[in-house]
Amino acid sequence: MTLATKNLSRHQAVFAIKQRLLEAGVDTADEDARILLRAATSLTRLELATQPQTALSHEQCQILDQYVTRREAHEPVSRILESRGFWTVDLLIAPNVLDPRPDTETLVETALSLLENTPNAPIKILELGAGSGAIVCALLSELPKAQAVVVDLSPHACQASKVNLARCGLSNRAFVLQGRWHEALQAQFDLVISNPPYIASAELNALPPSVRLYDPILALDGGTDGLDCYRAIIKDIPRLLKPNGLLVFELGIGQATDVRPMLEAMKLEIKTIARDLGGHERALAARAIQNAQ
Ligand SMILES: C[S@@+](CC[C@H](N)C(=O)[O-])C[C@H]1O[C@@H](n2cnc3c(N)ncnc32)[C@H](O)[C@@H]1O
């Protein structure tokens, strides 16, 4: 029976949704039930908490039913609501584009901390594999004179980046390019930043359904050992970085041991390996100590 046929109060609806999500194996059922109810009814947290007995309208129940059916199929809430907060920006989340993760904010934090003496400098940023544009939107919003080139192989990701840059009022400082990593680029940059695909191919099938069924494989598959994209980017990094330029990579769990020597072999100096909130080594930053050109 659907929610729409039950004439539920807000409180009863939260309970019914939670039960459905628990039965579907969603481990954030309680939190998700409240978020989906608020989204379907445009209620604030306070309204939901203080007026729990008010009945839902038939239309609200119908919208909610659609949301809950999608969540039962393990579609992430951010995809259902097409929205995610990242750093200080509100992003549109589009199909066929990676849903940015909170861990990726560690890259933004790391880059900004290493650029702290130059927040108003007209630096040039290159983001490789931009997805939704989360990283570049966060960086440009903090660095008012910076400009960026944003590359992704996926046309869906390029479109999402353009939409999100426009939403943040940053389109005039970013150029979005569809292509393979840095292949088409001759310029040099003060900051190259990338969260490349880093899951080993054999591990893709073991990912949770919320990832496996909804994030595009192009955003996940890092080849046999998960390191293919690091190799592809690092081999040309000396020509992409200005002298003293900064490279910031997101890392998969345990990959610092592999990526660090690749960068040292290219004469980059490791500046920091920052941990995410879960304690995993997540952001590796290195500087070009010598311009190889
Ligand atoms: C892990 S996602 C990161 C997306 C976004 N930067 C984020 O952190 O949410 C990796 C991105 O790299 C892109 N990508 C994969 N292979 C690529 C290639 N050869 N050249 C350019 N982009 C590529 C994917 O389309 C995807 O958007």
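Worth saying up front: this structure is predicted, and the values here are computed from it rather than measured. (Residues numbered from 1 in each chain as written. Predicted model: local features only at pLDDT ≥ 70, side-chain atom pairs only at ≥ 80, totals over all residues. Heavy atoms only, no water.)

## Details of the domain arrangement of the chain
When cut into domains, the chain gives domain 1 (3-73) and domain 2 (85-288). One C-alpha centre belongs to domain 1, the other to domain 2, and the line joining them spans 36 Å. (Domains from an automatic or database assignment.)

## Overview of helix H6 (residues 105-114)
An α-helical turn contains 3.6 residues, so any two residues separated by three or four positions project in the same direction. Among the residues of H6, Thr106, Leu107, Val108, Thr110, Ala111 and Leu112 are the ones counted as buried. Elements in contact with the buried residues of H6: strand E1 (83-86), helix H7 (134-142), strand E6 (189-194), strand E7 (241-250), strand E8 (268-275) and strand E9 (281-288). (Buried < 20%, exposed > 50% of the residue type's maximum accessible area, 1.4 Å probe, protein only. Helix = DSSP H or I, 4+ residues; strand = E, 2+ residues; numbered from the N terminus. Contact = heavy atoms within 4.5 Å.)

## Overview of the site of the ligand
Not every one of the 19 residues close to the ligand is listed here, only the nearest: Glu127, Gly129, Asp152, Trp181 and Asn195. A distance of 2.9 Å separates a nitrogen atom of the ligand from a polar atom in the backbone of Gly129. The contact in question runs from an oxygen atom of the ligand to an N or O atom on the side chain of Asn195, over 2.8 Å. Within the complex, the protein chains bury 95% of what would otherwise be the 600 Å² of accessible surface of the ligand. Here the shell around the ligand is composed, by residue class, of 10 nonpolar, 6 polar and 3 charged. (Near = heavy atom within 4 Å. Polar contact = N/O pair within 3.5 Å; in protein donor to acceptor, adjacent residues only side chain to side chain. Areas by Shrake-Rupley, 256 points an atom, 1.4 Å probe, with all protein chains shown as cover. Nonpolar A, V, L, I, M, F, W, Y, C, P; charged D, E, K, R; others polar.)

## Topic: the packing of H6 against H7
In contact at an axis separation of 10 Å, H6 and H7 are set at 35° when each is read in the N-to-C sense. Here H6 and H7 pass one another in a crossing that is right-handed. Seen from H6, the contacting residues are Leu107, Val108, Ala111 and Leu112; seen from H7, they are Ile135, Ala138, Leu139 and Glu142. Residue composition of the contact of H6 with H7, grouped by class: 7 nonpolar, no polar and 1 charged. (Axes fitted to C-alpha atoms, helices over the stretch in contact; angles between N-to-C directions. Left-handed = near helix turned anticlockwise from the far one by under 90°.)

## Considering the nonpolar core
Membership of the largest hydrophobic core comes to 36 residues, with the highest contact counts inside it found for Ile125, Leu139, Leu140, Leu165, Leu191, Ile193 and Val248. Among the elements that line this core, the one with the most residues is H7, at 7 residues. Look past the residues within four positions of Ile193 in its chain and what remains in contact with it is Leu107, Ala111, Ile125, Leu126, Glu127, Leu128, Ile135, Leu139 and Val248. (Core = buried A, V, L, I, M, F, W, Y, C linked by side-chain atoms within 4.5 Å.)

## Re the environment of Gly226
With respect to the helices and strands, Gly226 occurs in the loop between helix H9 (209-212) and helix H10 (228-234). Using a relative accessible area of 0% as the deciding quantity, one classes Gly226 as buried. Distance in space between the C-alpha atoms of Gly226 and Gly279 is 20 Å, their sequence separation being 53 residues. In this view, Gly226 contacts Pro197, Tyr198, Ile199, Ala200 and Gln255; residues no more than four positions away in its chain are not counted.

## A closer look at unusual backbone geometry
It is generally the case that most residues other than glycine have a negative phi and that most peptide bonds are trans. Non-glycine residue Asn244 carries a positive phi angle of around 70°. Positionally, Asn244 belongs in strand E7. Phi angles above zero are rare outside glycine, and Lys267 is one such case at about 65°. Among the secondary structure elements, Lys267 is positioned in the loop between helix H12 (256-265) and E8. A relative accessible area of 45% means that Lys267 is categorised as partly exposed.

## Here's the deal with the pattern of salt bridges
With the rule as written, the count across this model stands at 19 salt bridges. Residue Arg84 is joined to Asp99 by a salt bridge in which the shortest nitrogen-to-oxygen separation is 2.7 Å. Taken together, the residues span a long stretch of sequence, with Arg84 in strand E1 and Asp99 in the loop between strand E2 (89-92) and H6 at a distance of 15 residues. Judged by relative accessible area, Asp99 falls into the buried class, the value being 4%. Between Asp236 and Lys235 there is a salt bridge; the shortest N-O distance is 3.4 Å. Among the ionic contacts, a cluster of salt bridges with common partners joins Lys18, Asp30 and Arg34. (Salt bridge = Lys/Arg side-chain N within 4 Å of Asp/Glu carboxyl O.)

## A word on a nonpolar patch on the surface
A cluster of nonpolar side chains, contributed by Leu153, Ile217 and Leu218, occupies part of the molecular surface with about 270 Å² of accessible area. Tracing the backbone through its elements, the reader meets Leu153 in the loop between strand E4 (147-152) and helix H8 (155-167). (Patch = residues over 30% accessible without salt bridge, like charges linked within 9 Å, V, L, I, M, F, W, Y side chains within 5 Å.)

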